[in-house]
Structures are given as structure tokens and as C-alpha cells.
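Residues per chain are reported as follows:
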Amino acid sequence: MILVTGGAGFIGGNFVLDWLRDNDEAILNVDKLTYAGNLRTLKSLEGDPRHLFARVDICDRAALDTLFAKHAPRAVVHFAAESHVDRSIYGPAEFVQTNVIGTFTLLDSARTYWSGLDAGAKAAFRFLHVSTDEVFGSLSESEPPFSEVTPYAPNSPYSATKAGADHLVRAYYHTYGLPTLTTNCSNNYGPYHFPEKLIPLMIANALAGKPLPVYGDGQNVRDWLYVGDHCAAICAVLARGTPGETYNIGGWNEKKNIEVVHTLCDLLDQLKPKTAGSYHDQITFVTDRPGHDQRYAIDARKIEHDLGWKPAETFESGLKKTVLWYLGNQSWVDEVQSGDYRKWVELNYAQRAG
Ligand code: NAD
Ligand code: DAU
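Residues numbered from 1 in each chain as written. Chains lettered and ligands numbered in written order. Predicted model: local features only at pLDDT ≥ 70, side-chain atom pairs only at ≥ 80, totals over all residues.

Naming follows an unreviewed UniProt entry, where the protein chain appears as dTDP-glucose 4,6-dehydratase of Mycoavidus cysteinexigens. Entered under Catalytic activity (unreviewed entry) in the UniProt record, the comment concerning the protein chain runs "dTDP-alpha-D-glucose = dTDP-4-dehydro-6-deoxy-alpha-D-glucose + H2O". (UniProt positions renumbered as here; feature names shortened; annotations may be inferred.)

Here's what the structure looks like:
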């Protein structure tokens, strides 16, 4: 069994689905179900004995200790986090709590459990921490992409808390020998992405006839990776990564935000034409994000060379898949946006350990 945190979120949810599609090994999914956690994503797993769910906060040490003792996982894959940069600007406390204190609590609970294992199980154990390229700060147009040795320079409360978590993971390897792995990935997109992030927000707003809010001049650059490719990279690092190492993951797909929005409008014009006009007409430039990082880019040569991973999707193929998924799953977005899903969680899901 592997223990996955944040497995009801965007990337964690895709990871759980992909893992159970490809493996018999069970998953213990530990998630607090914040606004971003959505069990509807995992509906197809209802009744599947390989998926155990525990609604637990990763800051809850006693609950984590109980889960480790009861389920004896051979590995942890840690996705749980507060993930949205804009929310971190207006409310950083939750980010410090979950991303720093939560990661520390999980690491320390894992270390206690791991230190009681026999020598073979100890050596085979893995703690994989899923992190972001945002810890490296912002690049100018002419600078080379982030590599594993780029110094940390986080600029938002979100990236600062992820950087703090990365350093704790590093320290647990060096100080205690806990076999940790860290991945730093670029911007993901794909199915089940919460409609507050650029791509799903633009699709949802376009279909609802609302403005498409582009921050600043739209010239900021992000490196995009299809979520399934990120999940495959995590599996490669879990299986073949060297403890103590970090791996950068990216799609070699640098795009300006405005290009991404135009491409989405082109796709929607083609796949779901409006009765009059084009989705491009809805694009609106709005006030910039405070401290907005100019450019992220990832040098993914280490994971490609050492672990033989490469993305399967191009930006064009991945984006088309994504738009088609949103067109076919409007009810998933409606439930998230209307608040119906939250009401269901609060009514039906009492806090409990799996
Ligand atoms: P998300 O916001 O969609 O999901 C986060 C999940 O964590 C949710 O299910 C939420 O309920 C859960 N969670 C939050 N606080 C928790 C707590 N205290 N205890 C237990 N569960 C909690 O995030 P995402 O976009 O899927 O990102 C997952 C991870 O990947 C994060 O660590 C993020 O930093 C990292 N990452 C994201 C991207 C991206 O583009 N989305 C890129 C690189 C790295
Ligand atoms: O780089 C990896 C990171 O990517 C992850 O660590 C984060 O968890 C994830 O949220 C993402 O962060 P970004 O800030 O890059 O993603 P977001 O979708 O919020 O924004 C992408 C770009 O689009 C960014 O330059 C801001 C811009 N933007 C965003 C929104 C929501 C807009 O122009 N308009 C918008 O409405």
C-alpha cells in the first residue's frame, strides 16, 4: 500500500486514478477535503477495495500516527497543500499552516513509523514530496531554465511555504536518513482542475459568457505540462529515483498567458462555436497579480536522462483533450461552482480515519 496525501485534489486525484488504472497496489488517500478537495473526481472508484479514504488534516499528528500504524504503507506521495497563488496573497496563514506545519507533521510522523521498520523495509521506504518550480523565483527572458541546482528565490507566500517544505524534506534526509525524494514541477493542466486556475477558469468563463480576465499585459510565461505526464513522472521518481535527490519536471512548453488564452478560444470556437461572435471577444485585461513572477521554465534533462521519463502529450494534444473533457463534464464544474458539492461533503462526510 502507498499513502497519498491530497488525493482528492487536482493532481492527486489524477494520480490516484492513473495509479489504480495501472497497478494492483492499494492507495490510502489522506485528504482534509478543503474547498479544493473533491471526491466526485474519484466517483469511478466507489466500491473499489484498493482505494481507502481518510478525511484527515496533515497537521493532525495523532491521526497520522494511527494511519501509519494501521496501514503500514511502503511509501508516501505527498500532494496535500494550499496551491493557489492568488489565495496566498490575500490569506497566507492557511498556506503556512498546511504547507509548512502540515509537511513537517507528516514528515515527522513518517520518520517515527519508518524508524521502527526492519532494515529491509527501511531501505525500501520512500517519502516523495511533490513541489513546484515556483520555489526558484522568476526568470528574465534571456535566463536559462531552472535546473536542480538553481538557488531558491520564492516570491509569493505560496512559493515561500513550498520552499520551506522542500527544505524540511531535505533536512529529514540529511539529518535522519529518511529516504526522501522531491519533485519540482511546472504548471499542470488537464481534467478535474479547480476552476480558479488560469486554464479551467478561462474555459468555464468562456462557456458561461463571462469575461476572460488576463492579468497585466498577458506577457508572463509559464511552462505547461499535461497532468497525466506529471503523474507518470512521479511514478518514475517513486520507482527509480535516488533518495536525497530532487527532480525537475516540465514539458518544454513555454507559453505567454495571452497565447494560452487565444489558443483556448480557438479550440472552443472550433469545438463549441457561439451562435454569434467568437470567444476571443470575451478577453479582458485586468489589474496584475501583486509580485507576479514574469517567467518560469524547467530544464527537465535530469529526469529524462536518469529515469527515462518524457511527456507523452504535446501542448496542442493535451489542451485539446482538456477542453473536450470540460465540454463533456460541465456538471463537475457546476457542482464545484454552485456550492452543491460542499454541502454534500459537510452533510455526508464526518472526519474519520480510514
Ligand atoms: P489542489 O489545490 O487541487 O489540491 C490540494 C489537495 O490537498 C486538496 O484535495 C485538499 O483538500 C488537500 N489538502 C489541503 N490542505 C490539506 C490538509 N491540511 N490536510 C490534508 N489535505 C489537505 O492542488 P494541486 O494543484 O493538485 O497540487 C497538488 C500538489 O502539487 C501541491 O503540493 C502543489 O504545490 C504541487 N504542484 C502543483 C502544480 C500545479 O500546476 N497545480 C504544479 C507543481 C506542483
Ligand atoms: O508553476 C507551478 C505552479 O503553477 C503551481 O505550483 C501552483 O500550485 C499552480 O497554481 C500554478 O501557479 P500559477 O500562479 O502559475 O497558476 P495560475 O493558474 O494561477 O496562473 C497562471 C498564469 O496565468 C499566471 O501568470 C497568472 C495568470 N492568470 C491567472 C488567473 C487565475 C491570469 O492572467 N488570469 C487569471 O484569472
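Having seen the model, we can carry on.
1. Considerations on the overall build of the protein chain
The helix and strand inventory of the protein chain stands at 13 helices and 12 strands. Over its C-alpha atoms the protein chain spans a radius of gyration of 20 Å, differing by no more than 12% from the 20 Å that the globule rule assigns to 354 residues. For the protein chain, the C-alpha atoms occupy an extent of roughly 65 × 50 × 35 Å along the three principal directions. The proportion of buried residues among the 354 residues of the protein chain is 45%. Long-range pairs, those at least 24 residues apart, make up 82% of the contacts in the protein chain between residues at least 6 apart in sequence. (Helix = DSSP H or I, 4+ residues; strand = E, 2+ residues; numbered from the N terminus. Rg over C-alpha atoms; globule rule 2.2 N^0.38 Å. Buried ≥ 20, exposed ≤ 12 C-beta atoms within 10 Å, placed from the backbone. Contact = placed C-beta atoms within 7 Å.)

2. A closer look at the pairing of strand E2 (residues 27-31)
For E2, the tally of buried residues reaches 5 of 5 residues, placing the bulk of the element in the interior. The pairing of strand E1 (residues 2-5) with E2 spans 4 bridges and is parallel. By the bridge assignment, isoleucine 2 is partnered in E2 with isoleucine 27. Considered for its hand, the β-α-β crossover made up of E1, helix H1 (residues 10-22) and E2 is right-handed. When E2 meets strand E3 (residues 51-55), the two strands line up parallel, connected through 5 bridges. Residue leucine 28 lies in a different strand from E3, and its bridge partner there is leucine 52. (Pairing = 2+ DSSP bridges. Right-handed = clockwise from strand over helix to strand, strands pointing away.)

3. As for the packing of helix H9 (residues 257-271) against helix H11 (residues 315-328)
Viewed as axis vectors pointing N to C, H9 and H11 meet at an angle of 55°, and their least axial separation amounts to 10 Å. Comparing the axis directions of H9 and H11 gives the class oblique. Remark: the crossing between H9 and H11 carries right-handed chirality. Taking contact as the criterion, the partners of Thr263, Leu264, Leu267, Leu268 and Leu271 in H9 are, on H11, Leu319, Lys320, Val323, Leu324 and Leu327. (Axes fitted to C-alpha atoms, helices over the stretch in contact; angles between N-to-C directions. Parallel < 35°, antiparallel > 145°, perpendicular 65-115°, else oblique. Left-handed = near helix turned anticlockwise from the far one by under 90°.)

4. A closer look at helix H8 (residues 227-240)
With 14 residues, H8 ought to run about 20 Å at 1.5 Å a step, and its terminal C-alpha atoms sit 20 Å apart, in line with that. The set of residues buried in H8 consists of Val227, Gly228, Asp229, His230, Cys231, Ala233, Ile234, Ala236 and Val237. (Expected span 1.5 Å × (residues − 1).)

5. Some details on the site of ligand 2
Around ligand 2 sit 19 residues, and of these Ser83, Thr132, Lys197, Leu198 and Tyr215 come closest. For the shell around ligand 2, the element with the most residues is strand E8 (residues 212-215), which contributes 3 residues. (Near = placed C-beta within 6 Å.)

6. Brief notes about the environment of phenylalanine 68
Residue placement: phenylalanine 68 occurs in helix H2 (residues 61-71). Taking the C-beta count within 10 Å as the criterion, phenylalanine 68 has 20 such neighbours and is therefore assigned buried. Residues phenylalanine 68 and tyrosine 113 lie 45 residues apart in sequence; the distance between their C-alpha atoms is 6.5 Å. Excluding residues that lie within four positions of it along the chain, phenylalanine 68 makes contacts with Ser109, Ala110 and Tyr113.

7. Let's talk about the site of ligand 1
Inspection of the region around ligand 1 gives 31 residues, with Gly6, Gly9, Ala36, Gly37 and Ala81 positioned closest. Secondary structure elements with two or more residues in the shell around ligand 1: H1, helix H4 (93-115), strand E5 (126-132) and strand E7 (187-189).

8. Some points on the sheet that holds strand E10 (residues 246-249)
Taken in spatial order, the 7 strands make up an open sheet running E3-E2-E1-E4-E5-E6-E10, and their pairing is parallel. Whereas interior strands pair on both sides, the edge strands pair on one side only; in this sheet they are E3 and E10. On average, each strand axis in the sheet is inclined to that of its neighbour by 20°, with strand direction left out of account. Contacts from H2 reach E1, E2 and E3 within the one sheet, and its direction differs from that of E2 by about 175°. Together, E5 and strand E6 (180-185) form the strand contacts of helix H6 (residues 157-176), whose direction differs from that of E5 by roughly 155°.

9. Section: the packing of H4 against H6
Across the interface, H4 lies against H6 with an axial gap of 8 Å and an inter-helix angle of 15°. When the axes of H4 and H6 are compared, the pair comes out roughly parallel. With respect to the hand of their crossing, H4 and H6 are arranged in right-handed fashion. Contact residues: Phe95, Val96, Asn99, Val100, Thr103, Phe104, Leu107 and Arg111 in H4; Pro157, Tyr158, Thr161, Lys162, Gly164, Ala165, Leu168, Val169, Tyr172 and Tyr176 in H6. When its residues are assigned to classes, the contact of H4 with H6 shows 12 nonpolar, 4 polar and 2 charged. (Nonpolar A, V, L, I, M, F, W, Y, C, P; charged D, E, K, R; others polar.)

10. Digging into the sheet that holds E7
Reading across the sheet, the 3 strands line up as E7-E9-E11 and stay open at both edges, with mixed pairing between neighbours. Looking at strand neighbours, the two that pair on one side only are E7 and strand E11 (254-256), the edges of this open sheet. Strand-to-strand twist of the sheet, defined as the mean angle between neighbouring strand axes without regard to direction, takes the value 50°. Judged from the 3 bridges that link them, strand E9 (residues 221-226) and E11 form a sheet pairing that is antiparallel. Across the sheet, residue aspartate 223 finds its bridge partner in E11, namely glutamate 254. Lying over the sheet, H9 contacts E9 and E11, oriented at roughly 85° with respect to E11.

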